[in-house]
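Structural features, examined
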Amino acid sequence: MNKELYNYYIIDRKHEELRTGSIGDVAEEYSQKKLSPIERMVDRFEKMCGAEVPHIVPFEKIVMMRTVPKLPDCFTESEWEEIKKEHYIHEIGYVSNLSPNYEKTISVGLLARREEADEYGKRVIDAIIGLTDRYRAEAQKCGRDDVVEVLTQVPRYGARNFREALQFFRILHYALWLEGDYHNTVGRFDVYMYPYFKKDMYAGVYTKESALELIEDFFISFNKDSNLYFGQQQGDNGQSMVLGGIDKDGNDMFSELSELCLLASRNLKVIDPKINLRVSAKTPIETYKLGTELTRAGLGFPQYLNDDIIIKGLERLGYKYEDAVNYAVAACWEPIIPYVGNDVANIGSMNFPAIVDKAVRNNINAESFDIILEAVKSYIYEEMDDIERDINNVWFVPSPMIELLIDEKRYNNFGVHGCGIASAADALASVKKFVFDENKVDRAELIKAMDENYENSPELLHLLRFEAPKMGTDNDDADAMAKFILDTFSASMEGRKNSLGGTWRAGTGTAMFYLWHAGPLGATADGRFSGESFGTNYSPSLFAQITNPMSVVKSFTKPDLYKTVNGGPLTLEFVSSIFNSEENLEKVAALVKYFVDLGGHQLQLNAVNLESMKEAQKDPEKYRQLVVRIWGWSAYFVELDKEFQDHVMSRQEYSV
Amino acid sequence: MKGIIFDIKEFALNDGAGIRTTVFFKGCPLRCIWCHNPEGLSSKRELYVKKKGCLGCKLCNLPCDHEECQGFGRCLHICPKNLVSIAGVEWEAEALATRLLKDEAFFNSCGGGITLSGGEPLLQAEFAYELLSLLEGRVHRCIETSGYADKETFRKVIEKCDFVIMDIKLFDSDEHKKYTGVGNEKILENARFLKGTNKPHMFRVPLIPGITDTDENLRAIAEFVGEDRVELMSYNKLAPAKYESVGRKYTDLIDGEREINANLSLFKNATLRK
């Protein structure tokens, strides 16, 4: 690893001192001039490129960093209000979460792309070339002939070698952020970069070590400006890289390049790019071992994605096989289709525990438990009606960069998170067992206890919280409830069209809703207190008495997960010390394989050290580099808000 | 028949080859002062109260009418933190075998299996035998034993195992008696027998600072085991953690901070497990 580069950008963050540029506010001016949205986007982009001051660090090979920290909004607040009267605006309104076609532009160059671009595309391309020319001039000034050579070729012309391809990627990715698009994903990096890599390796340009160092240099580039990017918390920036997986002929695409990427992430221990590893029942155990070695580094990478489930699930929703097989991931875990996908993977969310709660309360005196299940079903459908109604006439700020890098908007589906599945399933299983099957809990008493947040019913609380069937313990009764909810959730979307003409995709993720949905919800029949948060994504409830990871794996692979292809990973946390021996590493790898072979969808495996987190809360300065996994991304622990820190600390940890 | 078990642990990483589920037999004839499973010592069901996280609400001290709580002086169904429980569950051998075989296919795919541990499984030899018989032909079976049993019992049970992990803690019988409560004659006799069979096995030596990790003891054990595979086990600093929960007191004869003498060079075929 290039220690100097690492120290400069990661430890000391020296480059942040150079962030002195500004283009001021632009929205007011645009508003007065009545500029169209796309005019604004291009004008702002030109201004941002123009204001950037090239800076090259002596020991870096992949250049470009931001010196203008703030990207002002294109619209005034009152304009946004007007827009929102007519349109549903997703998050901050700019395009996000797509997997751009870097490959095509990297291979032919921007000048060739300019030929076919419209007026706005041409202006954007000119602005990029203008900025990179100034970088080249700066390189000349610094005597960096190597950088001059690279920037003479790219981005004007197609990359001729691996380094030029990486630099070209950096330029395009940088431009996406600079234009105001966000959660700009990396896609199937080891697939589209492989030809450049292979050619250079074959020609002997690099040894394995020097190739690794170049990749590390490139990986560092994702971390230069990441604290300027939009996200819920620091680290939630969508720079997801996908490795491995099959191609349309079923070939395993995991290569030496994939391996070096795993290695680079492991060496650097930085939160970007976020590493995802595509696997399937055919994946050899060796690949899992390489993945587990990265897990050991404690970053929460890689996240595993099961091709068998995802490809089947995407095809079921109408994706063509050759597109489905080429899936990458959005910011967190949602499968998206590179180059031709325009899906909005995280547009809505359903609060399962709230739905179950309503069904239980409204039907507690029902004759049979089936009536409660019927109610859950009808509420899920009603909730979906609401989501469909609310998320209408969706509008995104037009983006010339995206026009340049997305070939076709073939898929326009909307993903909806299914939040709090374990809490919801547990509540149903409790009510079924104790109220209906065993008659052990009085109906009125249960409702009263929930209303009182269990304050006067410690024995009932104990029963529901600790002695009841829980998802994650391989309990068929609880798991059957989860399957019922997820099947219903998925079925509730069938036949619906969204406002972009696509359909809807069900998922098992929570994103930040494990706090947001849980906060306002009162005490529930699973013994959960009022306001108590749900598990992250597709995980057991936080207080389920879970000690056996294999039971967790079994519980969470029982539902037909291809129906909830929008996804959301099961999270397993292992105390970091178990990764100390090679033998244990192999055992963890075998567990991951077990999960995939059983039909698991996505798995998030973390090596955590609770003690370090406690220490970090006390003495943040000493733990600046401590990385933890949050929901679909990793973050520096000390930069998180305390509620996120506490939630991470309260998750299940296996100490085997 | 019925046996008493104090834990079933999936994904046990230190109890034999591959991924294993370990079942912990309750009750042990030894009283090793360094034992880290004090709830495995008594053969009876006993109260297990975790102290960490206790709110001090004393709800568990209130009288209750649950049958299963009588005689323990605590209510098991009320702690808001779930800290009050009973160590020891009675299992029918068949039910236990079914539970353990839940992941049969997985064990067989990754070279793992089931391990009997404790406590001392040989203290419930008939139950262990029945359980092992039920698992026969289905999964790989391993036992972790102190070897403290009559030779007939020992031979009969290990015959039903595919792999034996046996402790040799102290070679001098007086020392052995001093620190474990029993002499080691039976143990060495059984160990000699094991060495003479073709049953795959491994010996384990817990490295207890200043007690078992002396060169003198290790050398004697090394000479005894010869070419056989040995695993030296580092002292478990967390050993005292559970004593308070079962109302016992951990020894003050061990200096846990003292560095252990993991002298592998005395052995022909030993590894250290940290």
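For clarity, every value in this text was computed on a predicted model and none was experimentally measured.

**Quick look at the side chain of A:Arg66**
Residues and elements named next belong to chain A. Considering the arrangement of structural elements, one finds Arg66 in the loop between helix H3 (37-51) and helix H4 (77-86). Engagement of the side chain of Arg66 in a polar contact is seen with the backbone oxygen of Val68, the distance being 3.1 Å. Sequence-distant contacts of Arg66, defined by excluding residues within four places in its chain, comprise Arg19, Met48, Glu52, Leu71, Tyr174, Trp177, Leu178, Asp225, Leu228 and Tyr229.

**Let's talk about the pairing of strand S6 (residues 113-118) of chain B**
All names here are of chain B. When you tally the buried positions in S6, you get six out of six residues, the bulk of the element. Note: strand S2 (residues 20-25) against S6, six bridges, orientation parallel. Among the inter-strand pairings, Phe24 is bridged to a residue of S6, identified as Ser117. Of the strand pairs in this sheet, S6 and strand S7 (residues 140-145) are connected by four bridges, and their pairing is parallel. Counterpart to Leu116 in the pairing with S7 is Ile143. Handedness of the crossover joining S6 and S7 through helix H3 (residues 125-135): right-handed.

**Digging into unusual backbone geometry**
Residue and element names in this part refer to chain A. Cis geometry is found at the peptide bond from Val154 to Pro155, where omega equals 10°. Along the polypeptide, Pro155 turns up in the loop between helix H8 (145-153) and helix H9 (162-179). One non-glycine residue, Asn393, adopts positive backbone phi at about 55°. Note that Asn393 resides in the loop between helix H18 (369-390) and helix H19 (400-405).

**Here we look at the sheet that holds strand S9 (residues 570-575) of chain A**
Residues and elements named next belong to chain A. Spatially, S1-S2-S3-S10-S9 is the arrangement adopted by the five strands of the open sheet, whose pairing is mixed. This sheet does not close on itself; its edge strands, each paired only once, are strand S1 (240-244) and S9. The average undirected angle you get between the axes of adjacent strands in this sheet is 25°. Relative to strand S10 (residues 602-608), strand S3 (residues 303-306) runs antiparallel, the two sharing three bridges. Across the sheet, Tyr304 pairs through a bridge with Leu603, a residue of S10. The strands touched by helix H15 (residues 307-316) are strand S2 (274-279), S3 and S10; relative to S3, the strand with the most contacts, the crossing angle is about 55°.

**Observations concerning the interface of chain B and chain A**
Size of an interface, as often reported, equals the accessible area lost when the parts are brought together. Of the residues lining the interface, 26 residues belong to chain B; the matching set on chain A comes to 24 residues. Each partner contributes to the roughly 2,200 Å² buried at the junction of chain B and chain A, and carbon and sulfur atoms together form 55% of this total. Across the contact surface, chain B and chain A share three salt bridges. A:Glu583 serves as the salt-bridge partner of B:Arg273, at 3.4 Å between the closest nitrogen and oxygen. The interface formed by chain B and chain A holds 15 residue pairs in polar contact (both at pLDDT 80 or more) in total. Put simply, the parts of the chain that give the side of chain B that touches chain A at least two residues each are strand S1 (2-12) and helix H2 (104-110) of chain B. Here the side of chain B that touches chain A gets four residues from one element, more than from any other, and that element is S1(B).

**Topic: helix H7 (residues 215-225) of chain B**
Residue and element names in this part refer to chain B. Buried within H7 we find Asn217, Leu218, Ile221, Ala222, Phe224 and Val225. The buried residues of H7 occupy an angular sector of 160° when the element is viewed end-on, so they sit on one face. Set apart from the buried face of H7 by more than 90 degrees, the exposed residues are Glu216 and Glu223. Its buried side turned inward, H7 meets helix H6 (185-196), strand S9 (201-206) and strand S10 (230-233). One or two positions beyond H7, positive phi appears at Gly226, with a value near 60°.

**What to know about helix H26 (residues 582-597) of chain A**
All names here are of chain A. For H26, spanning 16 residues, the distance from its first C-alpha to its last is 22 Å, which sits close to the expected 22 Å at 1.5 Å a residue. Here H26 has its buried residues at Asn584, Leu585, Lys587, Val588, Ala589, Ala590, Leu591, Val592, Tyr594, Phe595 and Val596. Following H26 by one or two positions, Gly599 adopts a phi angle in the positive range, close to 95°.

**Notes on the packing of aromatic side chains**
Aromatic ring pairs are defined here through the distance separating the ring centres and the angle between the ring planes. Residues and elements named next belong to chain A. Using the criterion set out here, one finds 33 aromatic pairs over all chains in the structure. Plain terms: the ring middles of Phe169 and Phe222 are 5.8 Å apart, the flat faces sit at 50° to each other, and that makes the pair tilted. Placement of the pair is Phe169 in helix H9 and Phe222 in helix H12 (residues 208-224), with a sequence separation of 53 residues. Ring centres 4.8 Å apart and planes at 85° place the aromatic pair Tyr538 and Phe556 in the edge-to-face group. Of this pair, Tyr538 sits in the loop between helix H24 (513-516) and helix H25 (549-555) while Phe556 is found in the loop between H25 and S9, placing the two residues 18 residues apart along the sequence.

**Focus: the sheet that holds S2(B)**
All names here are of chain B. Sheet architecture is open: nine strands sit in the order S5-S1-S2-S6-S7-S8-S9-S10-S11, paired in mixed fashion. Unpaired on one side and paired on the other, strand S5 (89-92) and strand S11 (270-273) mark the two borders of the sheet. On average, each strand axis in the sheet is inclined to that of its neighbour by 30°, with strand direction left out of account. For S7 and strand S8 (residues 163-167), the ladder comprises four bridges, and the chain directions are parallel.

What counts, and where the lines are drawn
Residues numbered from 1 in each chain as written. Chains lettered and ligands numbered in written order. Predicted model: local features only at pLDDT ≥ 70, side-chain atom pairs only at ≥ 80, totals over all residues. Heavy atoms only, no water. Helix = DSSP H or I, 4+ residues; strand = E, 2+ residues; numbered from the N terminus. Polar contact = N/O pair within 3.5 Å; in protein donor to acceptor, adjacent residues only side chain to side chain. Contact = heavy atoms within 4.5 Å. Buried < 20%, exposed > 50% of the residue type's maximum accessible area, 1.4 Å probe, protein only. Pairing = 2+ DSSP bridges. Right-handed = clockwise from strand over helix to strand, strands pointing away. Axes fitted to C-alpha atoms, helices over the stretch in contact; angles between N-to-C directions. Buried area = accessible area lost by both parts, 1.4 Å probe. Salt bridge = Lys/Arg side-chain N within 4 Å of Asp/Glu carboxyl O. Arc of directions from axis to C-beta. Expected span 1.5 Å × (residues − 1). Phe/Tyr/Trp six-rings, centres within 6.5 Å; stacked < 30°, edge-to-face > 60°.

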